Amino acid sequence: MAARAIITARQERLGKELRKLRERAGLSQREAARAAGINEGKFSSLESGRVSASAERVRFLAGQYACEDAGLVDALVAMTGERVRGWWEPYRRGLPQTFLDLAELEHHASYLRSFENVQIPGLLQTEEQIRAIYSVSRLPEEQLEERVQFRLRRQGVLDRDRPFRCEVVIHEAALRVRVADRKVARGQLLHIIEQLERPQVAVRVVPFDVDGFTDIGNPLLIAGGGVPQLDTVLLDTAHGGTFVDAEAQLARYRRVIDDVEGAALGVVESKDFIHQLARRV
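Residues numbered from 1 in each chain as written. Predicted model: local features only at pLDDT ≥ 70, side-chain atom pairs only at ≥ 80, totals over all residues. Heavy atoms only, no water.

Digging into the overall build of the chain
Each helix and strand in the chain was counted, giving 12 helices and 6 strands. A globule of 281 residues ought to have a C-alpha radius of gyration of about 19 Å, and the chain, at 21 Å, matches this closely. Seen through its principal axes, the chain has C-alpha atoms that stretch 70 × 45 × 35 Å. Sorting the 281 residues of the chain into buried and exposed places 47% on the buried side. (Helix = DSSP H or I, 4+ residues; strand = E, 2+ residues; numbered from the N terminus. Rg over C-alpha atoms; globule rule 2.2 N^0.38 Å. Buried < 20%, exposed > 50% of the residue type's maximum accessible area, 1.4 Å probe, protein only.)

Shown next as structure tokens:
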């Protein structure tokens, strides 16, 4: 059980969930470590994600903690072992860890629900839109190209064949912002309309003239876990992305997304709305 040099958000989450189960069972780290047959230091590393947990160990610990939620245990087992060597691995040297954690989160998600009030969601951006967004940061050409290609590769999550749903709410403000010129703006709107032909994609718009809509502040994303307890919220802030998974916070942001969807147009009406915007650009 050698310590990992890199701890991903997914590995950290597994350790955190095991710690929650232990604490609910009223066991100390020392008691749980003794039952598992490892020293307390290694057990602490297991709960922090610094060392891997095998499927057998997770099932053993779940039994020690009297966890009777079979769905949760199976979902935790699915998170065991070393990190998935996904398409994002070659980007590990050049991109921030949060970029990679987001790609891994999307890869494993059972669904995605998001709200954007400033930008088009990354999974729906055209290459021209992405380049225009990153050009503002004045990155060296090589780094800019790496980030552009990374975002484009992320969009492959929409192509997977297993059951999956991507539901997006976009405020009209984000649809009207021109990060480049008129041609790029129109191409972006038409691209969203094309993506709506995918059965797994739903886009809904909150128009400016909706009564009673209160801006929720920062964009947010909810990624579905193997079970609801393992859902994750990503908050997009000025200081970067922040992953949130506490039960109270998950409940709060589910309500936020529900409220935003309640203020939005239906999917068909939203498609017509975007069509009209594209004609005017």
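What to know about helix α12 (residues 267-280)
Given a rise of 1.5 Å per residue, 14 residues ought to cover 20 Å, and the 20 Å separating the end C-alpha atoms of α12 matches this to within 8%. Among the residues making up α12, those that are buried are S270, F273, I274, L277 and A278. Along the axis of α12, the buried residues cluster in a sector spanning 140°; they form a single face. Among the exposed residues of α12, those pointing more than 90 degrees away from its buried face are V268 and R279. (Expected span 1.5 Å × (residues − 1). Arc of directions from axis to C-beta.)

Concerning the nonpolar core
Counting 29 residues, the largest nonpolar core has L112, L158, L175, V203 and I274 as its most contacted members. Within the residue set of this core, elements represented by two or more residues are α6 (97-108), β2 (165-171), α9 (172-176), α10 (182-195), β3 (201-206), β4 (220-223) and α12. The biggest single contributor to this core is α12, with 4 residues. Judged by nonpolar contacts, the second largest core, of 24 residues, contains L14, A32, A36 and I38. (Core = buried A, V, L, I, M, F, W, Y, C linked by side-chain atoms within 4.5 Å.)

A short note on unusual backbone geometry
Positioned with a positive phi, A66 is a non-glycine residue whose angle comes to about 55°. The residue A66 is located in the loop between α4 (55-64) and α5 (70-77) in this model. One non-glycine residue, R138, lies in positive phi territory at about 55°. By secondary structure assignment, the location of R138 is in the loop between α7 (127-135) and α8 (141-154). With relative accessibility at 75%, the residue R138 sits in the exposed group.

Observations concerning the environment of Q129
Note that Q129 resides in helix α7. By relative accessible area, Q129 is classed as buried at 5%. When residues no more than four places from it in sequence are discounted, the contact partners of Q129 are I120, V179, V184 and Q188. (Contact = heavy atoms within 4.5 Å.)

Looking at the packing of aromatic side chains
Scanning the model with the defined rule gives 5 aromatic pairs in all. Both rings, one in W87 and one in Y91, keep their centres 6.0 Å apart while their planes meet at 85°; by these two values the pair is edge-to-face. Given the relative accessible area of 22%, W87 is considered partly exposed. Pairing W87 with F150 gives two aromatic rings, centres 5.1 Å apart and planes at 50°, and the pair type is tilted. Taken as a pair, W87 in the loop between α5 and α6 and F150 in helix α8 lie far apart in primary sequence, 63 residues in all. (Phe/Tyr/Trp six-rings, centres within 6.5 Å; stacked < 30°, edge-to-face > 60°.)

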